[in-house]
Amino acid sequence: MNPGNVRPAHVTLYEVGPRDGLQAETEIVATADKIALIDRLSASGLKYIEATSFVSKKWVPQMADAAEVMAGITQRTSATYPVLTPNLQGYEAARDAGAQTVAIFGAASETFSLKNINCSIAESLARFRFVMGEAAINAMPVRGYVSTVIACPYEGAIKPQAVTDMAARMLDMGCYEISLGDTIGVGTPADVERLLDVILKVIPAEKLAVHFHDTYGQALANILTALDHGIATIDSSVGGLGGCPYAPGASGNVATEDVLYMLNGLGIETGVDLETIVATAWQISDVLGRPPRSKVAVAKQPPRNDAR
Ligand code: HMG
Ligand code: MG
């Protein structure tokens, strides 16, 4: 691979902090704090801010206020605020709450699918078809997630072909893009290369995003590997918040500010302001009562008496 040929000049940062970041918090975060977080992120220049999930409140109590969050945020025309919808019930609630873009989420591992959305991969695809049908009627763009693209917390290593098959099915259904999730953050650049070498034979880089959790500190290296394969959409989470309640051992997503610092250094344009993201990382960390997990937010920590 010759990086100079395919590394993108522009990257889209897809912020997942308000959703992936907060979903694993055991203490319920006030709806007003979630709304403030999203509004601050909106001011940074981000074009995609995943706002919440329309899932069962028994499964993910933190996301029970999804409709209130959607009603409270100020949606800028420059940004899109996607939400997760596992099934038709979630899709209809999201649409009624004013969502303009939704995301369905499946997995390359049967056991993870069962643990996360209570159905097999085949059943999940059947449910997604109902969502896609309604979304087509409403001309609503749908993103697709494939989780456990490197390894599953229950099954271990996952074959790149299984990921490719699931991603291709979700694209065939009409998803505009597939985000490849290393849900438990165990992958190294070698794993990412092995996966991308297989999947890119079938799916073009423009249809793919990468979603790395940073459990083993490999996320930035993995992102660089993905960039050098031409992938230009990167999921990240302000302050390095995140985790999946149904993926034991998973830690936060790669921090938006860490990715942005690296992209700025590489001369890759994003349109996102680093200082605003760092200030936002500190603000949400203050709400959660702990410092941000990211290197960049800590290195650039504003003085205690500043207006964060
Ligand atoms: P189920 O229990 O099989 O669903 O859950 P059901 O259809 O049998 O319904 C049971 C109850 O749930 C009923 O309520 C339904 O009304 C309700 P009851 O009659 O018992 O009061 N229900 C819903 N309520 C609200 N919204 C809905 C909904 N659907 C049913 N959409 C279900 C199936 C999918 C709902 C459940 O398993 C669920 O909510 N799972 C979500 C788990 C989740 O959110 N995980 C985290 C997100 S995925 C992730 O983080 C990975 C990612 O970041 C990428 C990566 O890192 O790899 C995306
Ligand atoms: Mg995730």
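Since the model is a prediction, treat every value here as computed from it, not as a measurement.

Help me out: how do you make sense of the coordination of the magnesium ion (ligand 2) in this one?
Angles at a metal have ideal values that depend on geometry: 109.5 degrees with four tetrahedral donors, 90 or 180 degrees with six octahedral donors. For the magnesium ion (ligand 2), every protein donor is listed as Asp20 (OD), His211 (NE2) and His213 (NE2), and the spread of their distances is 2.0 to 2.3 Å. On the primary sequence, the residues serving as donors to the magnesium ion (ligand 2) are separated as D-x190-H-x1-H. Of this pair, Asp20 sits in helix H2 (residues 17-23) while His213 sits in the loop between strand E10 (208-212) and helix H10 (219-227), and the two are 193 residues apart along the sequence. What makes Asp20 buried here is its relative accessible area of 2%.

Would you mind showing me how to read the site of ligand 1 here?
If you check the shell around ligand 1, you find 26 residues, and the closest are Gln23, Lys58, Asn118, Ser147 and Thr183. In this structure, a nitrogen atom belonging to ligand 1 sits 3.0 Å away from a main-chain N or O atom of Phe54. Within the side chain of Asn116, a nitrogen or oxygen atom sits 2.9 Å from a nitrogen atom of ligand 1. In isolation ligand 1 offers 1100 Å² of accessible surface; the protein chains occlude 74% of this area. With three residues, the single largest contributor to the shell around ligand 1 is H2. Across the shell around ligand 1, the residue classes break down as 10 nonpolar, 12 polar and four charged.

What am I meant to see in the pattern of salt bridges here?
Opposite charge on two side chains permits pairing when their charged atoms draw close. The final tally for this structure, using the stated rule, is 11 salt bridges. The salt bridge partner of Asp20 is Arg19, with a shortest N-O separation of 3.5 Å. Put simply, Arg194 and Asp191 hold a salt bridge, and the shortest N to O gap is 2.7 Å. Pair noted here: Arg194 and Asp191 are both in helix H9 (residues 189-199), with a separation of three residues, about one helical turn. Overlapping salt bridges, with partners in common, bring together Arg19, Asp20 and Glu50 in one network.

So what exactly am I meant to see when it comes to the pairing of strand E5 (residues 102-107) here?
Across a regular strand the side chains alternate sides, sitting on one face of the sheet and then on the other. Counting buried residues in E5 gives six out of six residues, a clear majority hidden from the surface. Considered for its hand, the β-α-β crossover made up of strand E4 (residues 83-84), helix H5 (residues 88-96) and E5 is right-handed. Where E5 meets strand E6 (residues 142-147), six bridges bridge the pair, whose relative direction is parallel. Residue Val102 lies in a different strand from E6, and its bridge partner there is Val142.

Conventions and cut-offs
- The numbers attached to residues start from 1 for each chain and follow its sequence in the written order.
- Going through the entries in the order they are written, you letter the chains from A and number the ligands from 1.
- It should be noted that, the model being predicted, local features are given only for residues of pLDDT at least 70 and side-chain atom pairs only at 80 or more, the latter also being counted only at that level, while totals for whole chains, interfaces and linings use all residues.
- With hydrogens and water stripped out, all remaining heavy atoms of the structure feed into the side-chain values.
- Each metal site is built from N, O and S donor atoms within 2.8 Å (3.2 Å for Na, K and Ca), and since water is not included, such sites may look incomplete.
- Helix and strand definitions here come from DSSP, where helices need a minimum of 4 consecutive H or I residues and strands a minimum of 2 consecutive E residues; each element is numbered from the N-terminal end.
- Throughout this description, buried means an accessible area under 20% of the type-specific maximum (1.4 Å probe, protein chains only), exposed means over 50%, and partly exposed covers the range between.
- By convention in these notes, a residue is near a molecule or strand provided one of its non-hydrogen atoms lies within 4 Å of it.
- Contacts described as polar in this section are N or O atom pairs within 3.5 Å, which, within protein, must combine one atom able to donate a hydrogen with one able to accept it, while residues neighboring in sequence count only if both atoms come from side chains.
- Values of accessible area rely on a 1.4 Å probe in the Shrake-Rupley scheme; residue burial ignores everything except the protein chains shown.
- Side-chain classes are defined by residue name, with Ala, Val, Leu, Ile, Met, Phe, Trp, Tyr, Cys and Pro counting as nonpolar, Asp, Glu, Lys and Arg as charged, and the others, Gly among them, as polar.
- For this document, the term salt bridge refers to a Lys or Arg side-chain nitrogen within 4 Å of an Asp or Glu carboxyl oxygen.
- Think of it like this: strands point away, you trace from the first strand over the helix to the second, and a clockwise trace means the crossover is right-handed.
- In this description, strands pair whenever DSSP reports at least two bridges between them.

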